[in-house]
Amino acid sequence: MNAANFSRLSATQIAAAVASGAAAASDVIEDSLTRIAAYDAIQPQVWISRASPDSVRAKAAAVDLKVKAGAQLPLAGVPFAVKDNINVGGVETTAACPAFAFTADESARVVQLLEAAGAIFIGKTNLDQFATGLVGARSPYGAPHCVFNHEYVSGGSSSGSAVSVAAGLAAFALGTDTAGSGRVPAAFNHLIGLKPTRGRWSTSGLVPACRSLDCISVFTNDVADARLVDSIVTAYDETDAYSRPAPAPKAAPKKLRIGVPKAKQLNWLQDMQSAKLYEAATARVHEMGATLIEVDITPLLDCAQLLYQGAFVAERTAALKDFAASQPGAMNPVVRGIVTGGRGFSASDAFEAEYQRMDYLRQAAKMWEQIDALLLPTASTIYRIAEVMAEPVALNSNLGLYTNFVNLLDMSAIAAPAGFRANGTGFGVTFIAPAWADAFLLDLAQKYLEAGPAFEIPALDLEPHLANIKVAVVGAHLNGMPLHWQLSSRNARLVKSAKTAPSYKLYAMTQSVPPKPALIYDEGGASIAVEVYELDEKSFGSFTAEVPPPLAIGSVELEDGEIVKGFVAEPRAMIGAEDITHLGGWRAFIAGLKK
């Protein structure tokens, strides 16, 4: 299938067509099943499980019968996906952890409301395990990719949900948003990401991450679809302790005041393309007739630190304390580290964090006296999947700079597209307002999109990518060394600088031109400095074909326990060789030769 076959879907248009008899829900679902089957060849990691074709066909036939009988179904025949930490009755919920899986007795309240409106559930989507992450790469089911460039992360934790909508497999998808999980993937994949006010939508049937902060969110292709979903699932739920009845919407301000950060308060992480796209977004807002007002966002950024660097992380510990204690090995190591990190905080720490939060809330209230909404970049930059795997904590944290504080400060938010970088990945902005400003934000996002020309969406990246292979190099192939060109000419990507496990010896071979070392496994050895590169399968094959004896490519264990391919040597390599293990690496040996 080509890109045209994955055109994006409109829930509003599908529902109107089915309700009017211009289209049949059964035909809509057949099209969706065809799209899913074709996209599986490109990104099978979008899904954790899917509804059986027979079950979705039966539901579509039932919708067609109801429509013929005169039923009013605002989402008639609309295919939708559900993040796999939200329950669907009779379907397994995994939260991206197979050992945690259970079959839900009933659907989450929001799913019940959507299905009652005629929407058709098609599958459970992948996520960062236990909704802990903003990258989409912390899942045993694989890492979904940005739909425009498969080298880059999809964003998370609602990774599969965003991709399912951006790839035209579902008309909308439910995600969750505690710290940005429903907004960051929207930015990278050119979507609307509505994060409602806490308690506006029921969280009954949601596996909690931070229960007091969690929101179920939605990904759509346009504001109209987000508004439609919001109108159906906004309902007080007495079974949800955190549900709140929505007040009547306030009248829109006559003169719109949009806050932007003071100069130099934004950290672009060296991504100047993002900076220019944000500047263009502020210009678009100005074209709407809004007054731009500089505000100090320091209190917001400081508040954001409470979520992962402070005692609030203990709420994630509380949500999973029994499972983390009984089956720690079943958890992703990064996720486990975050979840168990909450054990280091006391009850008094939690109260002190709450006092700090209330101080920040008071400062935010003063900000809202000056402005009606705040405009921020959703994320400063985007990273390659390989980069995130090599540096999983720091890079993930960078993506939450402008999202982490929103739920802590009881704000509503909507992420909207704001263009594309040269690598094809999406950039987005987020409009943020006080609690219960959801309807106002929907209107604001629509006006923003209408204030300038429509963004030209790049073609989807539809080529199945070859698997990448990590290779550890120890000598002449290091960056700056004589044979490094054999890697750079194959577009090898540096994943990380590392050390081997402390069980190797390094020898300088004789009569080797250029000089080369031999890495030998020896339990009495030490850790040796290496560089780890990533090559696709074809490049890896041609690279290994050029490795001359007595060197060879085998498996090398790194200091962190990871096993990668790397240079090893036959026993004859040690004939007359000098043991340089004590130097810790080849660079130190070469530096000594130059003295």
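Scroll up for the structure.
Quick caveat: nothing in here was measured; it's all calculated off a predicted structure.

Procedures and definitions
- Residues numbered from 1 in each chain as written.
- Predicted model: local features only at pLDDT ≥ 70, side-chain atom pairs only at ≥ 80, totals over all residues.
- Heavy atoms only, no water.
- Helix = DSSP H or I, 4+ residues; strand = E, 2+ residues; numbered from the N terminus.
- Rg over C-alpha atoms; globule rule 2.2 N^0.38 Å.
- Buried < 20%, exposed > 50% of the residue type's maximum accessible area, 1.4 Å probe, protein only.
- Arc of directions from axis to C-beta.
- Polar contact = N/O pair within 3.5 Å; in protein donor to acceptor, adjacent residues only side chain to side chain.
- Phe/Tyr/Trp six-rings, centres within 6.5 Å; stacked < 30°, edge-to-face > 60°.
- Lys NZ or Arg CZ within 6 Å of the ring centre and 35° of its normal.
- Pairing = 2+ DSSP bridges.
- Axes fitted to C-alpha atoms, helices over the stretch in contact; angles between N-to-C directions.
- Disulfide = S-S within 2.5 Å.
- Parallel < 35°, antiparallel > 145°, perpendicular 65-115°, else oblique.
- Left-handed = near helix turned anticlockwise from the far one by under 90°.
- Contact = heavy atoms within 4.5 Å.
- Nonpolar A, V, L, I, M, F, W, Y, C, P; charged D, E, K, R; others polar.
- Core = buried A, V, L, I, M, F, W, Y, C linked by side-chain atoms within 4.5 Å.
- Salt bridge = Lys/Arg side-chain N within 4 Å of Asp/Glu carboxyl O.

### Thoughts on the overall build of the protein chain
So, step 1. Broken down by element type, the protein chain carries 19 helices and 23 strands.
So, step 2. For 595 residues, the compact-globule estimate of 2.2 N^0.38 gives 25 Å, and the C-alpha radius of gyration of the protein chain, at 26 Å, lies within 12% of that figure.
So, step 3. Dimensions along the principal axes, computed over C-alpha positions, put the protein chain at roughly 90 × 55 × 50 Å.
So, step 4. Out of the 595 residues belonging to the protein chain, those deemed buried represent 57%.

### Regarding unusual backbone geometry
Both trends apply: most residues other than glycine have a negative phi, and most peptide bonds are in trans.
So, step 1. The residue after G156, namely S157, is reached through a cis peptide bond having omega 5°.
So, step 2. Within the fold, S157 resides in the loop between β7 (149-153) and α5 (159-166).
So, step 3. Look at A95: it is not a glycine, yet its phi comes out positive at around 55°.
So, step 4. Considering the arrangement of structural elements, one finds A95 in the loop between β3 (92-93) and β4 (102-103).
So, step 5. For A95, a relative accessible area of 0% gives the class buried.
So, step 6. Here the phi dihedral of D410 falls at roughly 55°; this positive angle occurs in a residue that is not glycine.
So, step 7. By the secondary structure assignment, D410 is in the loop between α15 (405-408) and β14 (411-420).

### Notes on helix α18 (residues 537-545)
Since the α-helix packs 3.6 residues into each turn, any two residues three or four apart lie on the same face.
So, step 1. Burial in α18 covers these residues: S539, F540 and F543. Taken down its axis, α18 places every buried residue within 100° of arc, on the same side. Opposite the buried face of α18, by more than 90 degrees, sit the exposed residues K538 and A545.
So, step 2. Its side-chain oxygen at 3.2 Å from the backbone nitrogen of K538, D536 defines the N-terminal cap of α18.

### Side note on the packing of aromatic side chains
So, step 1. According to the stated counting rule, one finds 15 aromatic pairs in the structure shown.
So, step 2. Both rings, one in Y504 and one in Y521, keep their centres 5.5 Å apart while their planes meet at 85°; by these two values the pair is edge-to-face. Within this pair, whereas Y504 is found in strand β18 (residues 504-508), its partner Y521 is found in strand β19 (residues 517-521), the two being separated by 17 residues in sequence.
So, step 3. We note R284 situated over the ring of Y448; from NZ or CZ to the ring centre the distance is 5.5 Å.

### Looking at the side chain of K124
So, step 1. Of note, K124 is situated in strand β5 (residues 120-125).
So, step 2. Within the local environment of K124, its side chain forms a polar contact with the side chain of D84, the two groups lying 2.7 Å apart.
So, step 3. Here the side chain of K124 touches E92 through a polar contact of 3.4 Å, landing on its backbone oxygen.

### Quick notes on the pairing of strand β9 (residues 192-195)
So, step 1. Judged by which residues are buried, β9 turns out to be covered on both faces: I192 and L194 on one side and G193 and K195 on the other are all buried.
So, step 2. Note that β9 and strand β10 (residues 216-220) share three bridges and pair antiparallel. Bridged to L194 within β10 is V218.
So, step 3. Across three bridges, β9 lies against β14 in antiparallel orientation. The residue bridging G193 from the neighbouring strand is A415, located in β14.

### Some details on the sheet that holds strand β8 (residues 172-176)
So, step 1. Within the open sheet, the 11 strands sit side by side as β1-β5-β2-β8-β10-β9-β14-β15-β13-β11-β12. Their pairing is mixed. This sheet does not close on itself; its edge strands, each paired only once, are β1 (47-50) and β12 (291-295). Sheet twist, expressed as the average angle between the axes of neighbouring strands with direction ignored, equals 25°.
So, step 2. Relative to β8, strand β2 (residues 79-83) runs parallel, the two sharing three bridges.

### Concerning the state of the cysteines
So, step 1. Taken as a whole, this structure holds zero disulfides when the rule is applied.
So, step 2. For the unlinked cysteine C97, the closest cysteine sulfur is that of C210, found at 17 Å.

### Comments concerning the sheet that holds strand β17 (residues 493-499)
So, step 1. Strand order across the open sheet formed by five strands is β17-β20-β16-β22-β21, with mixed pairing between neighbours. Each edge of the open sheet is held by one strand with a lone partner, namely β17 and β21 (551-557). The mean angle between the axes of side-by-side strands here comes to 35°, regardless of whether they run parallel or antiparallel.
So, step 2. Here β17 runs beside strand β20 (residues 529-536); their pairing, made up of six bridges, is antiparallel. Note that in β20 the partner of S497 across the bridge is E531.

### Considering the packing of helix α2 (residues 25-39) against helix α3 (residues 53-68)
Two packed helices can be described by the angle between their axes and the distance between those axes.
So, step 1. Where α2 meets α3, the axes come as close as 8 Å, and the angle between the chain directions of the two elements is 155°. The angle between α2 and α3 places the two elements in the roughly antiparallel class. Regarding α2 and α3, the two cross each other, and that crossing is right-handed. In contact with A25, S26, I29, E30 and L33 of α2, α3 contributes P53, V56, R57, A60, A61, V63 and D64.
So, step 2. In terms of residue class, the contact of α2 with α3 is made up of eight nonpolar, one polar and three charged.

### Digging into the nonpolar core
So, step 1. In terms of nonpolar packing, the biggest core is built from 145 residues, with Y39, L75, L114, F172, L374 and M411 touching the most fellow members.
So, step 2. With 38 residues, the next largest nonpolar core counts Y504, A573, A577 and F589 among its residues.

### Observations concerning helix α19 (residues 586-593)
So, step 1. Taken residue by residue, α19 has W586, F589 and I590 as its buried positions. Take α19 and look down its axis: the buried residues cluster within an arc of 95°, on one side only.
So, step 2. Looking at the buried side of α19, the elements it contacts are β18, β19 and β23 (578-579).

### Description of the pattern of salt bridges
So, step 1. For the structure on display, the rule yields 25 salt bridges.
So, step 2. The salt bridge partner of R50 is D40, with a shortest N-O separation of 2.9 Å. Of this pair, R50 sits in strand β1 while D40 sits in the loop between α2 and β1, placing them 10 residues apart in sequence.
So, step 3. For R384, the salt bridge goes to E387, with nearest N and O atoms at 3.7 Å.
So, step 4. The partly exposed category is assigned to R384, whose relative accessible area is 28%.
So, step 5. Exposure remark for E387: the relative accessible area of 31% places this residue in the partly exposed category.
So, step 6. The network of salt bridges with shared partners includes E151, R384, E387, R493 and E534.

### Examining the pairing of β21
So, step 1. By the bridge criterion, seven bridges tie β21 to strand β22 (residues 563-569) in an arrangement that is antiparallel. Bridge pairing in β22 links L551 to A569.
So, step 2. Here β21 hands over to β22 after five residues, with G561 in that stretch at a positive phi of 95°.

Just geometry here; none of it tells us what the structure is for.
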